[in-house]
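Observations on chain architecture
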Amino acid sequence: MELKLLIVEDDRLLAEAVSDYFTGKGWKTDVVYNGNSALEKAERKTYQMILLDVMLPGRDGFSVCRKIREMTGTPVFFITARVMEEDELKGYAVGADDYITKPFSLPVLYAKVMAMTGRIRGGGESEMLVRGDVMVNVRTHSVRIGSEVCPLAPKEYELLVLFLENPNRIFTRDQLLIRLWGYEFGGNERVVDNHIKKLRKALASSRCRIHTVRKSGYRMEVSV
C-alpha cells in the first residue's frame, strides 16, 4: 500500500525539503501552507502521517489537530520552533502523537515517522494493518479475524482497509462512492449499502463494528 504524508507548514523551503526527502523514500506527499487547506485534504484523503506546524496563518495547529481528530485517527506530529510545557500538554490534549522541534534532522524525523506508522500497522511490519482482532496483509490482500481466514470480495476489502485506517471517522455514502468507485460512477448510491451489509456479515465475529450514523454515514468502532 502506498504511504501518504500530509505536510502542513507555512515555511515553504522547509516543507519542500521534507517533501523531497520523503518522496525519495517512496512516500507520496501533499503539501499545504495553512490550516483550512489541511482540513480540506484530511477530509478528502487518507494519510498514514500528518506533519503539522503549530504556528500557521489563520487557524493554528492546535485547532487544526482538534478538527482532524474528529475525522481520523491518523498520527499527527507537531512541528514547532520551541516547545513550552503548557503548549506541549495542550498539543497532547488535542490529539497530537509527538513533537518535532526545529531545527531537526530529516533522517531522525523519518525514523520517528516510520517507527510510529510501523507500530500502528502491527509489529513494525508496514505491510500489516491491525485493528482489534482483524489483521490485513495489504501486500497479499489476505484478511484474518483472529486465526481464521476471512475471504472478501474486492470492494468489501477496499472498504475494510479504509475503515481500519480511519477508526471512528464518519464516511458519507458520497465519500465512499468517490473513493472506491470514482467520480464517474453512474450507478445508484445504494451500492454502498449493499457492500456495507456484506462486510458487516463478514466481520460479525470480530471486535470491529461498522455503525450507521443517522443522516451522516458509516463509522467503524473497534472494541478493546
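This report concerns the structure included in the present document. For every chain, the first residue of the written sequence is number 1, and numbering continues from 1 along that sequence. Only residues with pLDDT of 70 or above have their local features reported here, since the model is predicted, and side-chain atom pairs are shown and tallied only from 80 upward, although totals for entire chains, interfaces and linings are computed over all residues. Heavy atoms from the whole structure form the basis of all side-chain values; hydrogens and water molecules are not counted.

Before going further, it helps to spend a moment on the overall build of the protein chain. Strands here mean DSSP runs of E at least two residues long; helices mean DSSP runs of H or I at least four residues long; both are numbered from the N terminus. Scanning the protein chain from N- to C-terminus turns up 8 helices and 11 strands. Relative to the compact-globule value of 17 Å for 224 residues, the protein chain shows a C-alpha radius of gyration of 18 Å, a close match. With the C-alpha coordinates of the protein chain rotated into their principal frame, the extents come out at 50 × 35 × 35 Å. Within the protein chain, buried positions represent 46% of all 224 residues. Contact between two residues is taken to exist if any of their heavy atoms lie within 4.5 Å; hydrogens are not considered. Taking the intrachain contacts of the protein chain between residues at least 6 apart in sequence as the baseline, contacts between residues at least 24 apart amount to 54%. In this description the radius of gyration comes from C-alpha coordinates, and the expected globular size is given by 2.2 Å times residues to the power 0.38. Note on exposure labels: buried denotes an accessible area under 20% of the residue type's maximum, exposed denotes more than 50%, and partly exposed covers the range between, all computed with a 1.4 Å probe on protein chains only.

The next subject is the pairing of strand S2 (residues 28–32). Working note: regular strand, side chains alternate between the two faces of the sheet. Two elements, strand S1 (residues 4–8) and S2, share 5 bridges in a ladder whose sense is parallel. By the bridge assignment for S2, Leu 6 is matched with Asp 30. Strands pair, by our definition, only if DSSP identifies at least two bridges between them.

Attention now moves to the sheet that holds strand S7 (residues 134–137). Taken in spatial order, the 4 strands of this open sheet run S6-S7-S8-S9, and their pairing is antiparallel. Edge positions in the sheet fall to strand S6 (128–131) and strand S9 (148–149), since each has one partner strand and no second. Pairing of strand S8 (residues 142–145) with S9 involves 2 bridges; the strand directions are antiparallel. Opposite Ile 145, over in S9, you have Glu 148 as the bridge partner. Docked against the sheet, helix H6 (residues 154–165) engages S6, S7 and S8, running at close to 115 degrees with respect to S7. Axis lines are fitted to C-alpha atoms, over the contacting stretch for helices. Their N-to-C directions set the angle, which ranges from 0 to 180 degrees.

A few words on the environment of Glu 40. By the element assignment, Glu 40 lies in helix H2 (residues 35–44). Taking C-alpha positions, Glu 40 is 9.9 Å from Ile 68, a pair spaced 28 residues apart along the chain.

For the rest of this paragraph, the subject is the pattern of salt bridges. When a carboxyl oxygen of Asp or Glu lies within 4 Å of a side-chain nitrogen of Lys or Arg, that pair is called a salt bridge. Within the structure shown, the criterion is met by 10 salt bridges. Across the salt bridge formed by Lys 102 and Glu 9, the nearest N and O atoms sit 3.3 Å from each other. Placement of the pair is Lys 102 in the loop between strand S5 (98–101) and helix H5 (106–120) and Glu 9 in the loop between S1 and helix H1 (12–24), with a sequence separation of 93 residues. Arg 173 is paired through a salt bridge with Asp 193; the nearest N and O atoms lie 2.8 Å apart.

Remark: H6 packs on helix H8 (residues 190–202), axes separated minimally by 9 Å, with the N-to-C direction vectors making an angle of 75 degrees. The orientation of H6 relative to H8 falls into the category roughly perpendicular. Contact residues: H6 offers Lys 155, Glu 156, Leu 159, Leu 160 and Phe 163, while H8 offers His 195, Ile 196, Lys 198 and Leu 199. Polar here means any residue outside two lists: the nonpolar Ala, Val, Leu, Ile, Met, Phe, Trp, Tyr, Cys and Pro, and the charged Asp, Glu, Lys and Arg; Gly therefore counts as polar. Partitioned by chemical class, the residues of the contact of H6 with H8 number 5 nonpolar, 1 polar and 3 charged. Any angle from 65 to 115 degrees is called roughly perpendicular, while one under 35 is roughly parallel, one over 145 is roughly antiparallel, and all others are oblique.

Working definition: rings of Phe, Tyr and Trp (its six-membered ring) pair if their centres are within 6.5 Å, and the pair is stacked with planes under 30 degrees apart, edge-to-face with planes over 60 apart, and tilted otherwise. As enumerated under the stated definition, the model contains 8 aromatic pairs in all. Between Phe 22 and Trp 27, the aromatic rings sit 5.5 Å apart at their centres with planes inclined by 90 degrees, giving edge-to-face as the arrangement. Where Phe 163 meets Phe 171, the ring centres are 5.8 Å apart and the plane angle is 80 degrees; that geometry is what we call edge-to-face. Of the two residues examined, Phe 163 and Phe 171, each falls in the buried class. Among the aromatic side chains, those forming a connected cluster through ring pairs are Tyr 21, Phe 22, Trp 27 and Tyr 110. Here, a charge over a ring means that NZ of Lys or CZ of Arg falls within 6 Å of the ring centre while also lying within 35 degrees of the ring normal. In this structure, Arg 12 is placed above the aromatic ring of Tyr 33, and the distance from its NZ or CZ to the ring centre is 3.7 Å.

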